[in-house]
Amino acid sequence: MTASTQVGTQAANGTAPTSARRRSADGGTRVRAGNASAPYLFLAPFMIIFGVFVLVPAVYGIWMSLHNWDFFLPERPWVGLGNYLELFDPTSLTAVQFWESMRATGLFVLFSVPFLVVIPLGLALMLNRVFPGRTFFRAVYFAPYVLGVAVIGVLWQNLLNANVGLINYYLGRLGVTEIIPWLTATPWVWVTLVGVTVWWTLGFNAVVYLAGLQGIDTTLYEAARVDGASRWHEFWHVTLPGLRPVLLFVVTITILASANMFGQSYLLTGGAPSNETRTAIMYIAQTGFEQFRMGRAAAMSYILCLLLIGISALNFLLFRRQEKN
Amino acid sequence: MPPLPTPPTRRAFLGLGAAAVTASALVACSPPDLSPVALPDVGEGYDGPPLTLKFWNGLTGGDGAIMRELLLQFRDEHPNITIEMFAMPWPSFYQKFPSAVVSGLAPDIGLMHNFHVATNAARGVIVPLDEAADRIGLSEANFSETVWRSGIVNGRRYSIPLDVWPDSLFYNRRVLENAGLDPDDPPRDRASYEETLEILAEQGIAGHWLPAIDPQGVGRGFDSLQWQFGGELYDEEGTRALFNGPEGREALEWQLERILSDQSKRNVSGGDANVAFKNDLNAFLWGGPGALINDLGSVEDLDWGVVPLPLIGEQPASFSGSHQFVIMRQRAFDPDRMRAAFTFLSWISENSIAWAGAGPIPARRDVVESPEFAELPAQSSIAEALPDVRFYPLIPGIFDVQSTILYPALSDVLLLNADPQEALDGAAEQANHLLEENRQKYAEAMS
């Protein structure tokens, strides 16, 4: 018998932990001291990466937000909470534009999340059934998700363009005489942004739901059927409760993703009309990386971040309360 | 028995790690050194060991291919200097190269739009080139005046102009001919321009598609027009916006009128007018020859011509840009590399006739006056407008004011969502705010 299988059997029999415990009781100090730092050593690679790429930038960002910070100028005067206070001063141009962009972000979340939560669920329910070619359809619905935002931007720009786009052309041939300004007027810009986003990302949520659906115990369905439950009852009393943790994940992640929307409006509408579709991230990027007013951009992103943390926490609370009920 | 060493608590471990990394990051991100630089005193002409210069720009289109060809030709004539060119989209170029300079990875040479020179001069990421220009023998006498002066910020020269591309009137001969108009006589003044558009509109052709979305396309027509009406975008110190004066309003109302009278389509976004022009759907296109001559020239079967913008206002004027060479700030300047860079700048300036093939008009007077240039029909036709080209004022941060404040306001009006005067007044107020902020921000760097 080789050494490794020996260890394996011991562990399986539960003998190893017992002997370790006994040994430490005897005062095996060297072994114990080594054990104490081992978990941290295992953690270290992750912690270093987390520290360098997440923690430090986050803390550094707070530091930046307290200054009038231009990366390329030698003077970065301390302004304390000035950047934050300015965002709550209704007479300041920055505040007006920032809250305008927050409104755009809020509207997009409001319009897109319901579709992004419900449509993929319906799709997952269908794709979970057994029918010929279902793997093909699973791939088809997931396919757009693998495209980069630049690709979908160019694609839909060409399709939706009011005067030279394909969609208006075909609508015209179907007898729609009015030219629809998909990219330049409300409410069409929202239809476009939400529609494109749903088409682009529904595959991801659908796959998550599918995994969730397959984790539900099939005996529950059998029991429900024995009790004479209808399809609707099955869905309401078995499927939905079974999906609760998955739903929480999907709702939270979809809200966060929608609140971080940038590329679609940057590429498709350019923020038009009247900056109505200039989202918070787009405005932050403009302020920080085009005008290099990084202190102010950092302050804005912290406010957005706090809001999102609040919304996610609320989300968790709501789901938990429902669970208790 | 010695006491057991206590393992670090989780909290202490996290804290320690974070502190160490923060400290190192803060040291790494210390402010850049923008003290005055003294370039090594070198002449032109490099005969040292082979070296490679890094050249960054935003020439990602057909113009990039022509620049690469020029670089190969330069290498044939100067075997010991290789120029490695990195082209990236202009927006990323303006974001990336300052970071590269601050972190000590600066390229040797860059090419940028003249309206970004002042901003980057104030940042200290490019260096003054007065002496360099003298040494390689370039002076105002070699260039058309406006173009040469557009490289001077605060009395110091920061860039060497390569070319200039005034917005011009591109006309589609086939569309004009089919409408019963003379394809060889495009309208050059307000009355004939409006008349032509009206004749086209009667036949259901929107002759001049006015872009209403896309920062660059929307605003440049307005800029040209308000200059033609005698207006100014900003006062001379760059502290106040003036575009909401009567000239600005007149310019914007003229544009709006084109849309309301169906001489332009509604809701035209960025590239639409260009696509329509290539498909014989509209007759006129206002745009820069730098990109368009090359672009339209590549469309088979398209019958077009180009002349300077029509005179809609009282005096000829057209928005123009210019590509200009800059030398990036280095941690330490190597005399050999400087000499090689100067050799290149001097050479490409002399040989800029080849660059004209990409579309723009070379900045050098002797090149524009050369017989080779006269053989380029499109380029030489718009060179007529050279005395009337207008640039954005040379104020740090001016492009942000134009692209984030003025152009969206114009867009509002051209999408029929706002009244011209109200939109311009609102934009002027916002622009004054940003101009003042910019003035404070760059004040020290510019003093």
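Nothing here was measured: the structure is a model prediction, and the numbers come from that model.

K.L.:
Which parts of the structure should I look at to understand the overall build of chain A?
P.N.:
Counting its regular elements, chain A contains 14 helices and zero strands. With 325 residues in all, chain A has 42% of them scored as buried. Roughly 18,200 Å² of accessible area belongs to chain A as shown, and the carbon and sulfur atoms make up 69% of that amount.

K.L.:
Which parts of the structure should I look at to understand the domain arrangement of chain A?
P.N.:
A common way to express how large an interface is: the accessible area buried when the components associate. All names here are of chain A. Domain annotation of chain A identifies domain 1 (3–65) and domain 2 (89–324). Listed as interface residues are seven residues of domain 1 and, on the opposing side, five residues of domain 2. Here domain 1 and domain 2 share an interface that buries about 370 Å² over both sides, 71% of which is from carbon and sulfur atoms. Our count for the contact surface shared by domain 1 and domain 2 stands at zero salt bridges. Counting every contact that joins domain 1 to domain 2 gives two residue pairs in polar contact (both at pLDDT 80 or more). Across the side of domain 1 that touches domain 2, the residue classes tally to five nonpolar, two polar and no charged.

K.L.:
Looking at this structure, I do not really get the confidence of the model for chain A. What am I missing?
P.N.:
Keep in mind that low pLDDT regions are not for reading the predicted coordinates in detail. Scored by pLDDT, chain A comes out at a mean of 87, with 89% of its residues at no less than 70. For the stretch residues 1–29 of chain A, pLDDT sits under 50, and the model shows eight contacts to residues farther than four places along the chain or on other chains.

K.L.:
Can you walk me through the packing of aromatic side chains in this structure?
P.N.:
Working definition: an aromatic ring pair is given by the centre-to-centre distance plus the angle between the planes. In the structure shown here, the tally under the stated rule is 36 aromatic pairs over all chains. On the basis of an interplanar angle of 35° and a centroid distance of 5.9 Å, the ring pair of Trp232 of chain A and Phe235 of chain A is categorised as tilted. Placement of the pair is Trp232 of chain A and Phe235 of chain A together in helix H11 (residues 231–259), with a separation of three residues, close to one helical turn. Relative accessible area serves as the criterion here: at 54%, Trp232 of chain A is assigned to the exposed category. Considering the side-chain rings of Trp232 of chain A and Trp236 of chain A, the 5.7 Å spacing of their centres and the 20° angle between planes classify their relative orientation as stacked. Taken together, the positions of Trp232 of chain A and Trp236 of chain A, both in helix H11 and four residues apart, correspond to about one turn of that helix. On the basis of relative accessible area, Trp236 of chain A is assigned to the partly exposed category, the value being 45%. Ring-pair connections join several aromatic residues into one group, and the members of that group are Phe55, Phe74, Phe325, Phe344 and Trp347 of chain B. Between Arg157 of chain B and the ring centre of Trp148 of chain B, over which it is positioned, the NZ or CZ distance is 3.5 Å.

K.L.:
It is not clear to me how the domain arrangement of chain B should be interpreted in this structure. Could you clarify?
P.N.:
Residue and element names in this part refer to chain B. As far as domains go, chain B holds domain 1 (29–162 + 322–375) and domain 2 (173–320 + 396–446). The gap between the C-alpha centroids of domain 1 and domain 2 is 30 Å. In this complex, domain 1 contributes 15 residues to the contact, which on the side of domain 2 involves 13 residues. Interface area, domain 1 with domain 2, both sides summed: about 1,100 Å², of which 61% is carbon and sulfur. Our count for the contact surface shared by domain 1 and domain 2 stands at zero salt bridges. Where domain 1 packs against domain 2, one counts three residue pairs in polar contact (both at pLDDT 80 or more). Of all elements in the fold, only helix H2 (62–77) and helix H4 (114–123) reach the threshold of two or more residues within the side of domain 1 that touches domain 2. The greatest single-element share of the side of domain 1 that touches domain 2, amounting to six residues, is contributed by H4. Its residues assigned to classes, the side of domain 1 that touches domain 2 comprises seven nonpolar, six polar and two charged.

K.L.:
How do you make sense of the pairing of strand S11 (residues 318–321) of chain B when you look at a structure like this?
P.N.:
Remember that side chains alternate between the two faces of the sheet whenever the strand is regular. Residue and element names in this part refer to chain B. Here S11 shows a buried face lined by Ser318 and Ser320 and a second buried face lined by Phe319 and Gly321. Bridge count between strand S7 (residues 163–166) and S11: two bridges; the pairing is antiparallel. The partner of Trp165 across the bridge, within S11, is Gly321. Sheet topology places S11 next to strand S14 (residues 389–390); two bridges connect them, and they run parallel. Bridging from a neighbouring strand, Ser318 pairs with Val389 of S14.

K.L.:
How should the sheet that holds strand S12 (residues 323–327) of chain B be read in this particular structure?
P.N.:
The strands making up a sheet are joined through hydrogen bonds of the backbone, oriented either antiparallel or parallel. Residues and elements named next belong to chain B. One open sheet holds the five strands; their spatial order is S2-S1-S3-S12-S6, and the pairing between them is mixed. Each end of this open sheet is capped by a strand with a single partner; those strands are strand S2 (81–87) and strand S6 (160–161). Contacts from helix H3 (residues 90–102) reach strand S1 (51–57), strand S3 (109–113) and S12 within the one sheet, and its direction differs from that of S3 by about 135°.

K.L.:
Would you take a moment to explain the sheet that holds strand S8 (residues 168–172) of chain B for this structure?
P.N.:
Residue and element names in this part refer to chain B. Strand order in the open sheet formed by three strands is S9-S8-S10, with antiparallel pairing between adjacent strands. Two strands in the sheet have a free side with no partner beyond their single neighbour: strand S9 (284–287) and strand S10 (304–308). Recorded for the sheet is a direction-independent mean angle of 25° between the axes of neighbouring strands. Helix H8 (residues 190–202) contacts S8 and S9 of the sheet and is inclined by roughly 135° relative to S9.

What counts as what
Residues numbered from 1 in each chain as written. Chains lettered and ligands numbered in written order. Predicted model: local features only at pLDDT ≥ 70, side-chain atom pairs only at ≥ 80, totals over all residues. Heavy atoms only, no water. Helix = DSSP H or I, 4+ residues; strand = E, 2+ residues; numbered from the N terminus. Buried < 20%, exposed > 50% of the residue type's maximum accessible area, 1.4 Å probe, protein only. Areas by Shrake-Rupley, 256 points an atom, 1.4 Å probe, with all protein chains shown as cover. Domains from an automatic or database assignment. Contact = heavy atoms within 4.5 Å. Buried area = accessible area lost by both parts, 1.4 Å probe. Salt bridge = Lys/Arg side-chain N within 4 Å of Asp/Glu carboxyl O. Polar contact = N/O pair within 3.5 Å; in protein donor to acceptor, adjacent residues only side chain to side chain. Nonpolar A, V, L, I, M, F, W, Y, C, P; charged D, E, K, R; others polar. pLDDT = per-residue confidence, 0-100. Phe/Tyr/Trp six-rings, centres within 6.5 Å; stacked < 30°, edge-to-face > 60°. Lys NZ or Arg CZ within 6 Å of the ring centre and 35° of its normal. Pairing = 2+ DSSP bridges. Axes fitted to C-alpha atoms, helices over the stretch in contact; angles between N-to-C directions.

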